[in-house]
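Tertiary structure, described
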Amino acid sequence: IDGKLYSDHYTSGVSPGPHHLKCTKHGYLDYETTFTFPVQSVDCFLSKTALLVIKVRDKQGNKVVANVTVDDKEEGESDEGSRLVARGLHKVTCKAKGYKRYSSEITITNYVPPAVGVESPPYYSMQCVLEPLGFWGRIWEKLQTLLLNVVKRQEKTSLLRESS
């Protein structure tokens, strides 16, 4: 409380008035809040994970369906989604056809309580803002697709020859 360590349920020496409370436990997200003593009782909400909401938009704010990865794990294609993440640093990457790849990192440290009067779970939020590819970027993207299709056809032809 106010930067001083107290054990569970021990409040001797806490003066009346507003105070800052920080609860920590190894392996859990920290929890911080303010309270007024002695009128208010305070609960510490300790959680091992937090909800990370990811929204994908273009520079004008329009929704864009993109392939989203979190910590190199594919989450699928979506314009908005969420996943539970543990405490620590997380890398988010969004890639959509016709747009430049977007990557950013977010650090999850504290339990984020829902807004007052809101019935949603606590969460962290991140927005991938995608920039359209320029002319040469679109040409390069099309060339990569063509080359990939040529390689697939060659592999298919090779398999057909081997089976006959």
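Everything numeric here is computed off the predicted structure, so don't read it as measured data.

1. Here's the deal with the overall build of the chain
- When helices and strands are counted, the chain shows one helix and nine strands.
- Listing the helices and strands of the chain from first to last along the sequence gives β-β-β-β-β-β-β-β-β-α.
- Across the 164 residues in the chain, those meeting the buried criterion constitute 26%.
- For the chain, the exposed area adds up to about 11700 Å²; of that, 54% sits on carbon and sulfur atoms.

2. Describing the sheet that holds strand 3 (residues 49-58)
- If you trace the three strands from one edge of the open sheet to the other, you get 6-3-9, paired in mixed fashion. Each of the sheet's edge strands pairs with one partner strand only, and the pair in question is strand 6 (80-86) and strand 9 (123-130). Ignoring strand direction, the axes of neighbouring strands in this sheet form an average angle of 25°.
- Pairing analysis gives eight bridges linking strand 3 to strand 9, with the strands arranged parallel.

3. As for the pairing of strand 4 (residues 66-70)
- Counting buried positions over the five residues of strand 4 gives four, a clear majority of the element.
- Counted between consecutive antiparallel strands, the loop separating strand 4 from strand 5 (residues 73-78) contains two residues, among which Asp 71 sits at a positive phi close to 55°.
- Here strand 4 runs beside strand 7 (residues 88-95); their pairing, made up of four bridges, is antiparallel. Within strand 7, the residue paired with Val 68 across the bridge is Cys 94.

4. Things to note about the pattern of salt bridges
- In total, this model carries five salt bridges according to the counting rule given.
- Between Glu 75 and Arg 83 there is a salt bridge, with its nearest N and O atoms 3.2 Å apart.
- Arg 83 gets classed as partly exposed once you look at its relative accessible area, which sits at 22%.
- A salt bridge links Glu 131 to Lys 100, with the nearest nitrogen and oxygen atoms 3.8 Å apart. Of this pair, Glu 131 sits in the loop between strand 9 and helix 1 (135-163) while Lys 100 is found in the loop between strand 7 and strand 8 (102-108), placing the two residues 31 residues apart along the sequence.
- Residue classification places Glu 131 among the partly exposed positions, given a relative accessible area of 35%.
- With relative accessibility at 41%, the residue Lys 100 sits in the partly exposed group.

Rules behind the numbers
- Residues numbered from 1 in each chain as written.
- Predicted model: local features only at pLDDT ≥ 70, side-chain atom pairs only at ≥ 80, totals over all residues.
- Heavy atoms only, no water.
- Helix = DSSP H or I, 4+ residues; strand = E, 2+ residues; numbered from the N terminus.
- Buried < 20%, exposed > 50% of the residue type's maximum accessible area, 1.4 Å probe, protein only.
- Areas by Shrake-Rupley, 256 points an atom, 1.4 Å probe, with all protein chains shown as cover.
- Pairing = 2+ DSSP bridges.
- Axes fitted to C-alpha atoms, helices over the stretch in contact; angles between N-to-C directions.
- Salt bridge = Lys/Arg side-chain N within 4 Å of Asp/Glu carboxyl O.

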